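# Understanding the architecture of this molecule
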There are 2 protein chains.
Amino acid sequence: MTDFAATKAMFHLPDDATYLDGNSLGPLPKAAPKRLARTMQDEWGEMLITGWNKAGWMGMPTEIGDRIGKLIGAEPGHVVLGDTLSIKVYQALASALEMNPKRRVILSDNGNFPSDLYMAEGLCKTLGSDFELRTVKPEDVENSLSSDVAVLMLTEVDYRTGRLHDMNALTAEAQAHGIITVWDLAHSAGALPVDVAGANADFAVGCTYKYLNSGPGGPAFIYVAPRHVNKVRPALSGWLGHEAPFEFDLSYRPGSGIERMRVGTPPILQLAALEAAMDVWDSANIHDVRAQSIKLCDQFIAGVEASCPELTLASPRDGTARGSQVSFRFENGYAAMQALIVRGVIGDFRAPDIMRFGFTPLYIDEADVARAVDVLTDVTMNRLWDTPEYKMRARVT
Amino acid sequence: MTDFAATKAMFHLPDDATYLDGNSLGPLPKAAPKRLARTMQDEWGEMLITGWNKAGWMGMPTEIGDRIGKLIGAEPGHVVLGDTLSIKVYQALASALEMNPKRRVILSDNGNFPSDLYMAEGLCKTLGSDFELRTVKPEDVENSLSSDVAVLMLTEVDYRTGRLHDMNALTAEAQAHGIITVWDLAHSAGALPVDVAGANADFAVGCTYKYLNSGPGGPAFIYVAPRHVNKVRPALSGWLGHEAPFEFDLSYRPGSGIERMRVGTPPILQLAALEAAMDVWDSANIHDVRAQSIKLCDQFIAGVEASCPELTLASPRDGTARGSQVSFRFENGYAAMQALIVRGVIGDFRAPDIMRFGFTPLYIDEADVARAVDVLTDVTMNRLWDTPEYKMRARVT
């Protein structure tokens, strides 16, 4: 059993803050500043250019990729880090579309994170007017798996409500219709057990700055199934995805396996922070994290529903149908969230009326949840949100 | 006049090292570790998610972009940081091709950095079989500006020899043929004065980890000319390039101006290191840097030619036709470079036979050049490179 008091001690949390926004940006792992100081002073400072080999910089994208791979059920050697999630979405979609050359439609849902939809829209425009991004309601995805769909692109956990898609079932159904799947695990990796190999997913992508705590702008990851990886053409064919980057050939030859999904020079400082953050997982089991997360979310829902009658649950009530967050609808949600933040309970707001709270057992415990319920009750029952300042902020943001 | 002893004191350089590879990876600015510690502890650690506004993270890509813009002659508000140079090349090319919809050819030269060519090749494959990347010899570019060329993509400074393209003349000639220009300033920005506005360049891109000293994997930059920026379609249409990212619309609307060339979440730790590195430019003038760089390069050429008869100059002899590096051809160049590095003179090697030395007046002075000449003389005249170990390394790399 994971010792969550021990993992909580591995994070720096500001005094008097209850941080329920780790699903936007995870907190600082205490080991990260020292790791960065070492990377800068002992590696960059002393080794200079030789750090690429001597300090192992060149291997970090796949080595840390494998550590993330364990959390998402990937086969070893099939996850690589780099770029941003938006870029990784583009890479996956471009490769996936080429694997299904007779079809022209990317299917997604309107609960997907907008950047995924934007990247798909941009790619379709680049490819030509016969390509189409088709978005349906989340509950209509299954019935929309038609024979003109080339790629199904879904985010497993809805960023607003926390609703979970059934990755196993939808992947199987999509594949039965000849559709390639691209799964965005932004709100899954490190939050709940994922099994990309077991689900037979084709591509998966995700970010590291939420539940993997890599810090602002940490790199993204991409997974390509072993059956595809040596066949896919990297549309973003950068030199570090080349079979032999240091031969400086004039023509591109894709590297072996997942290496071909590398593009440019990897962000070593961000990777060093991520590496420190991944050490936390040496003391944590993702199944324990999931069980405890459901407990904390259930505790929060019960507390809020008992004492904040104006708020309506926007997340699935069944913990197994939910990611690691709870959302409530409240028409004064923006102002209320400002009032909460001022009182040290940090969640976030998603338009038009969603108050969103992430629960990360690695550093959030029952006492934090109880405190969040108390402050939220105070803010809503005593209309502490109803100040000109908070409402003005709501207008300008 | 820039005080180069003062700027040299702003960098950490290992004892007994003469670092002539800042054109691959610039050294550590002494202020960077403290800046990173602050970003991690005081911003990420204490402000958590609110750092995006409170610590100004969201504005860093354009604010630091403007500081780079001054060095490359860009109009304020027309440079933004993010991603890697390969990605920025792709962005520029994709937009540029769409601006010239009746043409299908990207023209470049075979002295361009391979990743630029690979990205162009990948984009052409994505766009369809009628698109072509045409590469000619650097000296044949001018005569290859034909009416089927949509985009001219060149790197101003050849990464092997340091040969400079004439940016003003080639841009004007290309535009006279209806061709859009994309300039890669990887070996220019921070090395020599560039004037993208004066040259009337359409797009420019570059990296920050060479002459701008941002550290391994620092972000890239992109410039789009004011006359184009509100018309270009961003092919990589990520949410932070959206007109209103936090409205979470389902459809993409490009942001105003250069903001639309942002894609995903910016790498704040790398940007913080870059910010510290840019402070050096408060004490340095790029014209002084250029004049001193030519002096140092001339000193090196004279010294090597006087005492290393086996080496042949591969760079232009005329300093104004050269970037901030000097290359020599030597058939045992790989082994010789190993021998040099062991003796603390750090340059690099580019196949098949090029020994490359970068000269950066910000932290390299006349005494460093004299020492490099002495060690290179010792290594070549006394055949110190001729050991089984160095030659073996040459075979396996």
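Residues numbered from 1 in each chain as written. Chains lettered and ligands numbered in written order. Predicted model: local features only at pLDDT ≥ 70, side-chain atom pairs only at ≥ 80, totals over all residues. Heavy atoms only, no water.

To keep things clear, this is the line we draw: UniProt positions are given in the numbering used here, feature names are shortened, and annotations may be inferred rather than shown by experiment.
Looking at an unreviewed UniProt entry, one finds chain A named Kynureninase and attributed to Pseudohalocynthiibacter aestuariivivens. Turning to chain A, the UniProt record has this under Subunit (unreviewed entry): "Homodimer." Here chain A is described in UniProt, under the heading Sequence similarities (unreviewed entry), as follows: "Belongs to the kynureninase family."

## Side note on the overall build of chain A
Heads up, the condition is: The helix count covers DSSP runs of H or I at least four residues long, the strand count covers runs of E at least two residues long, and both are numbered beginning at the N terminus. Between the two quantities, the radius of gyration covers C-alpha atoms and the globule rule is 2.2 Å times the number of residues to the power 0.38. A simple rule labels every residue: compare its accessible area, found with a 1.4 Å probe on the protein chains alone, to the largest value its type can have, and call it buried under 20%, exposed over 50%, or partly exposed in between. Any two residues having at least one pair of non-hydrogen atoms within 4.5 Å are treated as being in contact. Only four residue types enter the charge count: Lys and Arg as positive, Asp and Glu as negative, with His and the chain ends excluded. By convention, charge coordinates are those of NZ in Lys, CZ in Arg, CG in Asp, or CD in Glu.
Of the regular secondary structure elements, chain A holds 13 helices and 15 strands. Against the 2.2 N^0.38 benchmark of 21 Å for 397 residues, chain A shows a C-alpha radius of gyration of 22 Å, consistent with a compact globule. Within the span of chain A, comprising 397 residues, buried residues form 66% of the whole. Residue pairs in contact within chain A that sit at least 24 positions apart in sequence constitute 72% of those at least 6 positions apart. Of the side chains in chain A, 37 bear a positive and 50 a negative charge, and the two mean positions are spaced by 3 Å.

## Points about the relation of the copies chain B and chain A
Rules: Residues reaching a pLDDT of at least 70 in both copies supply the C-alpha atoms on which the copies are superposed by least squares.
Rotating chain B by 180 degrees and translating it 0.0 Å along the rotation axis places it on chain A, where the RMSD comes to 0.0 Å. Within this description, the copies of the chain are treated as partners about a two-fold rotation axis. Most of the interface of chain B is mirrored in chain A: 100% of its interface residues are interface residues there too.

## Structural notes on the sheet that holds strand β8 (residues 180–184) of chain A
Residue and element names in this part refer to chain A. As a reminder of what qualifies: At least two DSSP bridges between two strands are needed for those strands to be called paired. Note on geometry: axes are C-alpha line fits, over the in-contact stretch for helices, and angles between N-to-C directions span 0 to 180 degrees.
Across the sheet, seven strands lie side by side as β4-β10-β9-β8-β7-β5-β6; this open sheet has mixed pairing. What marks the edges here is a single partner per strand, and that holds for β4 (79–82) and β6 (132–136). Within this sheet the neighbouring strands show an average axis-to-axis angle of 20 degrees, counted without direction. Contacting β4 and β10 (220–224), helix α4 (residues 60–72) crosses the sheet at an angle of about 120 degrees to β4.

## Some thoughts on the environment of phenylalanine 246 of chain B
All names here are of chain B. Tracing the backbone through its elements, the reader meets phenylalanine 246 in the loop between α9 (226–229) and α10 (268–278). In this structure phenylalanine 246 comes out as partly exposed when scored by relative accessible area, which is 41%. Residues phenylalanine 246 and leucine 20 lie 226 residues apart in sequence; the distance between their C-alpha atoms is 45 Å. Apart from residues lying up to four places away in sequence, phenylalanine 246 is in contact with Met58 and Trp239.

## Here's the deal with the UniProt feature "binding site: pyridoxal 5'-phosphate" (unreviewed entry) in chain A
Our working rule: The method works on a 1 Å grid over the protein atoms by themselves. A cavity is a set of points holding a 1.4 Å probe that cannot get out, a pocket is an open set with protein on both sides within 12 Å along at least five of seven lines, and residues with an atom within 4 Å of a point line them.
In the numbering used here, UniProt assigns the feature "binding site: pyridoxal 5'-phosphate" (unreviewed entry) to Leu85, Ser86, Phe113, Pro114, Ser115, Asp116, Thr155, Asp184, His187, Tyr209, Trp239 and Thr265 of chain A. What stands out for the annotated residues spanning 181 residues is how far apart their C-alpha atoms range, the widest pair being 30.1 Å apart. Considering only the annotated residues already named, the ones lining the largest cavity are Thr265 of chain A. Assignment of secondary structure puts proline 114 of chain A in helix α6 (residues 114–127). Setting aside residues up to four positions removed in sequence, proline 114 of chain A forms contacts with Tyr159 of chain A together with Phe248 and Asp249 of chain B. Aside from chain neighbours lying at most four places away, what touches tyrosine 209 of chain A is Ser24, Leu25, Gly26, Ser214, Gly215, Gly217 and Gly218 of chain A together with Thr265 of chain B.

## Quick notes on the UniProt feature "modified residue: N6-(pyridoxal phosphate)lysine" (unreviewed entry) in chain A
All names here are of chain A. Going by this rule: Any N or O atom pair separated by 3.5 Å or less is treated as a polar contact, with the protein-specific requirement of one donor-capable and one acceptor-capable atom, and with residues adjacent in sequence counted only for side-chain atom pairs.
Summarizing the sequence annotation, UniProt attributes the feature "modified residue: N6-(pyridoxal phosphate)lysine" (unreviewed entry) to Lys210 in the numbering used throughout. Along the polypeptide, lysine 210 turns up in the loop between β9 (203–206) and β10. Filtering out sequence-adjacent residues up to four positions away, lysine 210 remains in contact with Gly22, Asn23, Ser24, Gly26, Ala186 and His187. Looking at lysine 210, its side chain comes within polar contact range of the main-chain oxygen of asparagine 23, at 3.1 Å.

## Re the packing of helix α9 (residues 268–278) of chain A against α10 of chain B
Heads up, the condition is: Oblique is the label for any angle not under 35 degrees, not over 145, and not in the 65 to 115 range, which are roughly parallel, roughly antiparallel and roughly perpendicular in turn. What makes a crossing left-handed is the near helix being turned counterclockwise from the far one by less than a right angle; a clockwise turn instead makes it right-handed. Residues are grouped as follows: Ala, Val, Leu, Ile, Met, Phe, Trp, Tyr, Cys and Pro are nonpolar; Asp, Glu, Lys and Arg are charged; every other residue, Gly included, is polar.
Between α9 of chain A and α10 of chain B, the least distance of the axes is 7 Å, while the angle of their chain directions is 135 degrees. Accordingly, the angle class assigned to the pair α9 of chain A and α10 of chain B is oblique. Here the hand of the crossing between α9 of chain A and α10 of chain B comes out right-handed. Contacts from Ile268, Leu269, Gln270 and Ala273 of chain A of α9 of chain A reach α10 of chain B at Ile268, Leu269, Gln270 and Ala273 of chain B. Its residues assigned to classes, the contact of α9 of chain A with α10 of chain B shows six nonpolar, two polar and no charged.

## Examining empty space enclosed by the protein
Worth spelling out the cut-off: Grid points are joined across faces, edges and corners, and a volume is the space filled by probe spheres set on the points.
Tallied over the full model, the rule gives three cavities of 30 Å³ or more. Within the lining of the largest cavity, the residues separate by chemical class into four nonpolar, ten polar and two charged.

## As for the interface of chain B and chain A
Test applied: Put simply, buried area is how much 1.4 Å-probe accessible surface two parts lose in total, over both of them, once they are put together. Any Lys or Arg side-chain nitrogen found within 4 Å of a carboxyl oxygen on Asp or Glu counts as a salt bridge.
Tallying the contact residues gives 71 residues for chain B and 71 residues for chain A. For the chain B and chain A pair, buried surface summed over both sides reaches about 6,400 Å², with 70% attributable to carbon and sulfur atoms. Considering only the side of chain B, the residues that lose the most area to chain A are Trp44, Tyr118 and Phe248 of chain B, jointly responsible for 12% of the buried surface there. If you look at where chain B meets chain A, you find zero salt bridges. Taken together, the connections running from chain B to chain A amount to 31 residue pairs in polar contact (both at pLDDT 80 or more). Within the residue set of the side of chain B that touches chain A, elements represented by two or more residues are β3 (28–29), α2 (31–47), α5 (85–99), α6 (114–127) and α10 of chain B.

## Side note on the sheet that holds strand β7 (residues 149–155) of chain B
Residue and element names in this part refer to chain B. Spatially, seven strands are ordered β4-β10-β9-β8-β7-β5-β6 in an open sheet, and the strand pairing comes out mixed. Lying at the two open borders of the sheet, with one neighbouring strand each, are β4 (79–82) and β6 (132–136). The mean inter-strand angle of the sheet, taken between neighbouring strand axes irrespective of direction, is 20 degrees. Both strand β5 (residues 105–109) and β6 contribute to a ladder of five bridges, which runs parallel. Each bridged residue has a counterpart across the sheet, and for leucine 107 the counterpart in β6 is arginine 134. Along the sheet, helix α4 (residues 60–72) contacts β4 and β10 (220–224); its crossing angle with β4, the most-contacted strand, is approximately 120 degrees. Its contacts with the sheet put α5 on β4, β5, β7, β8 (180–184), β9 (203–206) and β10, and the angle it makes with β9 is roughly 170 degrees.

## Focus on the nonpolar core
Using the following cut-off: As used in this record, nonpolar core signifies buried Ala, Val, Leu, Ile, Met, Phe, Trp, Tyr and Cys residues forming a set joined through side-chain atoms within 4.5 Å.
Val196, Phe300 and Phe359 of chain A together with Val196, Phe300 and Phe359 of chain B are the most contacted members of the largest nonpolar core, which has 270 residues in total. With residues near it in sequence (within four places) discarded, phenylalanine 359 of chain A still touches Leu20, Ser293, Leu296, Cys297, Phe300, Ser324, Val326, Ile364 and Val369 of chain A.

## Quick word on the domain arrangement of chain A
Residue and element names in this part refer to chain A. Inclusion rule: Just so you know, the domain bounds were taken from an automatic or database domain assignment.
Annotation of chain A at the domain level lists domain 1 (4–30 + 285–396) and domain 2 (56–281). Here domain 1 and domain 2 have C-alpha centroids that lie 29 Å from each other. Residue-level contacts link 30 residues of domain 1 with 23 residues of domain 2. Between domain 1 and domain 2 lies a buried interface of about 2,200 Å² when both sides are counted; carbon and sulfur atoms form 65% of it. Across the contact surface, domain 1 and domain 2 share zero salt bridges. Summed over the shared surface of domain 1 and domain 2, the result is eleven residue pairs in polar contact (both at pLDDT 80 or more). For the side of domain 1 that touches domain 2, the secondary-structure elements that each account for two or more residues are α10 (286–307), β12 (325–329) and β15 (354–358).

## Quick look at the state of the cysteines
For the record, the criterion: In what follows, a disulfide is any cysteine sulfur pair within 2.5 Å.
What the rule picks out here adds up to zero disulfides over all chains. There is no disulfide at cysteine 297 of chain A, and the cysteine sulfur nearest it, in cysteine 308 of chain A, is 16 Å away.

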